[in-house]
Every structure is written in structure tokens, then in C-alpha cells.
Amino acid sequence: MSNYADLAKSVIEGQKDKVKEHVQNLITAGNSPLEIVNEGLIAGMNVVGIRFKAGDMYVPEVLMAAKSMSGGLEIVKPLIAKADQKSQGKILLGTVKGDLHDIGKNLVGMLIESGGLEVINMGVDISAEDFIDAVIEHEPDIVALSALLTTTMPAMQDIIELLEEEELRDKVKVIIGGAPVSQEYADTIGADGYAPDAGSAVELCKRLLASK
Ligand code: B1M
């Protein structure tokens, strides 16, 4: 028997095998995949964030925790994603230049996909130029930008400005998210929307697609 507290603890301790075991047990016991993500995996990662900030955890430990969380996510992902659903829109997703954080961004991608939309996940540290090239290549409906560092937030504005320069701005909606950004920041840089978490990102994408 496993519970959410056991799962969160294994994430904090970076025990990938244990995380997988708890996730599997929770699925077998009939728990909802989304609840496993929110109450177990993210709950554990939130504690890691607090301890990292307080200087009680160091980078290698944080990376172990992140890897163990990803191991758990891989198991629940197929249960959340409805692969056979016809895509209702295309989302180009990436973490902006200079920023290597991808746990939240990948979670956002996973939930958007599970909401029946197509996601092109470009990865991390993506330059404005590479975003523009990808917009031209993939013609997405929405460009979704993630940043976790205050120092990389301005890269979001650079992307919007380059979209304008390249006369692509009216072809795509731009949404932003990540711990340091806000609705106010989205308004300041002229983004079309801001989502505080992965669940709201899905709703925001659907709202913007409906208004297109
Ligand atoms: Co970094 N890091 N980190 N880090 N790290 C933070 C972000 C920090 C807040 C920690 C702290 O000091 N308190 C701090 C930033 C301070 C700031 O700028 N305000 C920080 C720092 C300083 C750094 C380094 C500079 C540390 C150093 O080297 N001195 C360095 C920078 C590297 C770089 O990017 N160039 C660094 C490195 C790292 C690791 C590599 C060790 C690792 C990243 C591993 C990885 O992602 N693969 C890491 C981690 C794990 C964290 C913390 C601990 C956890 C982040 C996380 O994954 N959270 C973080 C502290 C914290 O957040 N409390 C911290 C869990 C995740 C589910 O939440 O990412 O917020 P989050 O995503 C949420 C929402 O934000 C939102 O939805 C997600 C799910 O609900 N969301 C979106 C995210 N993107 C979205 C996009 C959307 C919509 C919603 O639409 C497009």
C-alpha cells in the first residue's frame, strides 16, 4: 500500500525506483492520475523547492528529485494523455533562452496534450530566433513560453518583439507562465495570456483557441 505522503517523500529523497513503485501502487489502488501528479509528485517537488531556497538541499539532490519526479510522470502520462483524440489546436512550447528549468514546462505540455491539443515541445534554453523558425515551420496556434528565473523573463518580451518584427505576431497567440511571471507581466510585454499552473494553462489554451 502506498499513499501520497509516501510518494512525495520518495520524490524529496530522489528515490526514482521507489517513486515508480508508489505511483504504480496508487494507480493499481484506483487513484486518479491527476491527483497522483498533484498530491504526490508536485507536492514533493514543492518541498524540494522550499528546501533548495533555504539552502537545505543542493543542486545534485534537486536533480535527483527532479529525475525521480520525471520517472513517476512517465508512468501516469499515458493514463492522462488521450492519444487517439483528434488535435483541436497546435501549441509550440519551450523554456526561454538562458533558462534550463523544464519540470513545470513539461508538466504543462503533458496536461495540454491530455486536453486533446498537439504539443511541440522545443525543450529548454530556446532563443527567440529558434522560436521564430519553429513558428514558420510548424504554424502553431499558440506559442507557450516558460521561464523560472527573473533574469530570463525579458527573453519572453524579446520573442514577442521578434514575432512583431517578422510580421508573425497576428498569426499566433502567445502565453506565458512560470514562477516569477504574472498576469501583470503578461500585460506589460503584450502577451495574450498568463497561466499560474499547468491546469490553468490548458484552460487558457482552450479559451484562446475558441476565440481565434
Ligand atoms: Co533552479 N531556481 N536554478 N534549478 N530551481 C529556482 C527557480 C529558484 C526559485 C530557487 C530559489 O533560489 N529559490 C531560483 C530562481 C530565483 C529567481 O530567479 N527568482 C533558481 C535558481 C537561482 C537557479 C540557478 C541560477 C541556481 C544556480 O546555479 N546558482 C540555476 C539556473 C540554471 C539555469 O536555468 N540557467 C538553477 C538550476 C536548477 C536545477 C538545474 C538544479 C533544477 C532544474 C532541473 C530541471 O528543471 N530539469 C532547479 C530546480 C528544480 C529549481 C526549483 C527547486 C524547482 C523548480 C521546479 O521544477 N518546480 C526552483 C524553486 C521553486 O520553484 N520553488 C528553482 C516544480 C514545478 C512543477 O513547478 O516549475 O514552477 P514550476 O512550474 C509550475 C508553474 O510555474 C507553471 O506550471 C507549473 C506546474 O503547475 N508553469 C507554467 C511553468 N511554466 C509554465 C508555462 C505556462 C504556464 C504555466 O504557459 C506557457
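Before reading on, note that the structure itself is shown above.
These numbers come from a predicted model, not from an experiment.

Trainee: Tell me what's going on with the side chain of Ser 68, and back it up with residues and numbers.
Mentor: Within the fold, Ser 68 resides in helix H4 (residues 59-80). By relative accessible area, Ser 68 is classed as buried at 0%. Only 2.7 Å separates the side chain of Ser 68 from the backbone oxygen of Ala 65, close enough to count as a polar contact. In this structure, Ser 68 is in contact with Ser 10, Val 11, Gly 14, Gln 15, Lys 16 and Val 19, ignoring residues within four places of it in sequence.

Trainee: Which residues make up a negative patch on the surface, and what are the values?
Mentor: Judged by side-chain charge, Glu 129, Asp 130, Asp 133, Glu 137, Asp 158, Glu 161, Glu 164, Glu 165, Glu 166, Glu 167 and Asp 170 come together as a negatively charged surface patch. Mapped onto the negative patch, the elements with two or more residues apiece are helix H6 (128-138) and helix H7 (154-165). Here Asp 133 is to be found in helix H6. Take Asp 133: its relative accessible area is 48%, and that puts it in the partly exposed class.

Trainee: Before we move on, can you summarise the coordination of the cobalt atom of the ligand with the specific residues and values?
Mentor: In this structure, the cobalt atom of the ligand receives exactly one donor atom from the protein: His 101 (NE2), at 2.2 Å. With respect to the helices and strands, His 101 occurs in the loop between strand E1 (90-95) and helix H5 (103-114).

Trainee: Quick one: what's the story with the sheet that holds strand E4 (residues 173-177), residue by residue and with numbers?
Mentor: Strand order across the open sheet formed by five strands is E2-E1-E3-E4-E5, with parallel pairing between neighbours. With partners counted over all chains shown, the strands left at the sheet margins are strand E2 (118-121) and strand E5 (193-194), one partner each. Here E1 pairs with strand E3 (residues 142-146) via five bridges, running parallel. Bridge assignment links Leu 92 to a residue of E3, and that residue is Val 143. Contacts from H6 reach E1, E2 and E3 within the one sheet, and its direction differs from that of E1 by about 165 degrees. The sheet strands contacting helix H9 (residues 198-211) are E1, E3, E4 and E5, and the helix crosses E4 at an angle near 165 degrees.

Trainee: Lay out the packing of helix H1 (residues 4-12) against helix H2 (residues 16-28) with the relevant residues and their values.
Mentor: H2 packs onto H1 with a crossing angle of 160 degrees between their chain directions and a minimal axis gap of 8 Å. Between H1 and H2, the crossing angle belongs to the class labelled roughly antiparallel. Handedness of the crossing formed by H1 with H2: left-handed. Where H1 abuts H2, its residues Tyr 4, Asp 6, Leu 7, Ser 10 and Val 11 lie against Lys 18, Val 19, His 22, Val 23 and Leu 26.

Trainee: Before we move on, can you summarise the packing of H2 against H4 with the specific residues and values?
Mentor: Viewed as axis vectors pointing N to C, H2 and H4 meet at an angle of 25 degrees, and their least axial separation amounts to 8 Å. With respect to H4, the axis of H2 lies roughly parallel. The interaxial crossing formed by H2 with H4 has right-handed handedness. In contact with Lys 16, Val 19, Lys 20, Val 23, Gln 24 and Ile 27 of H2, H4 contributes Lys 67, Ser 68, Gly 71, Gly 72, Ile 75, Val 76 and Leu 79. Of the residues assigned to the contact of H2 with H4, the class counts are six nonpolar, four polar and three charged.

Trainee: Lay out the site of the ligand in plain terms, naming residues and giving numbers.
Mentor: Surveying the vicinity of the ligand reveals 32 residues, the closest of which are Leu 100, His 101, Asp 102, Ser 146 and Thr 150. Measuring from a nitrogen atom of the ligand, one finds a backbone N or O atom of Gly 98 at 2.9 Å. Ala 179 is positioned with one of its backbone polar atoms (N or O) 3.3 Å from an oxygen atom of the ligand. Listing elements by their share of the shell around the ligand, those giving two or more residues are helix H3 (33-53), H4, H5, E3, E4 and H9. Two domains each put at least three residues into the shell around the ligand: domain 1 (4-84) and domain 2 (90-210).

Trainee: Can you explain the nonpolar core? Please cite residues and give values.
Mentor: Within the largest apolar cluster, 40 residues are counted, with the highest numbers of intra-cluster contacts made by Val 37, Leu 41, Met 45, Leu 73 and Ile 112. Those elements giving two or more residues to this core turn out to be H1, H2, H3, H4, E1, H5, E3 and H9. Both domains that furnish three or more residues to this core are identified here as domain 1 (4-84) and domain 2 (90-210). Leu 73 has contacts with Val 37, Leu 41, Leu 107 and Met 110, leaving out every residue within four places of it along the chain. In this structure, Ile 126, Ala 147, Leu 162 and Tyr 185 belong to the second largest nonpolar core, which totals 28 residues.

What counts, and at which threshold
Residues numbered from 1 in each chain as written. Predicted model: local features only at pLDDT ≥ 70, side-chain atom pairs only at ≥ 80, totals over all residues. Heavy atoms only, no water. Helix = DSSP H or I, 4+ residues; strand = E, 2+ residues; numbered from the N terminus. Buried < 20%, exposed > 50% of the residue type's maximum accessible area, 1.4 Å probe, protein only. Polar contact = N/O pair within 3.5 Å; in protein donor to acceptor, adjacent residues only side chain to side chain. Contact = heavy atoms within 4.5 Å. Patch = residues over 30% accessible without salt bridge, like charges linked within 9 Å, V, L, I, M, F, W, Y side chains within 5 Å. Areas by Shrake-Rupley, 256 points an atom, 1.4 Å probe, with all protein chains shown as cover. Salt bridge = Lys/Arg side-chain N within 4 Å of Asp/Glu carboxyl O. Lys, Arg positive; Asp, Glu negative; His and termini not counted. Charge placed at Lys NZ, Arg CZ, Asp CG, Glu CD. Donors = N, O, S within 2.8 Å, 3.2 Å for Na, K, Ca; no water. Pairing = 2+ DSSP bridges. Axes fitted to C-alpha atoms, helices over the stretch in contact; angles between N-to-C directions. Parallel < 35°, antiparallel > 145°, perpendicular 65-115°, else oblique. Left-handed = near helix turned anticlockwise from the far one by under 90°. Nonpolar A, V, L, I, M, F, W, Y, C, P; charged D, E, K, R; others polar. Near = heavy atom within 4 Å. Domains from an automatic or database assignment. Core = buried A, V, L, I, M, F, W, Y, C linked by side-chain atoms within 4.5 Å.

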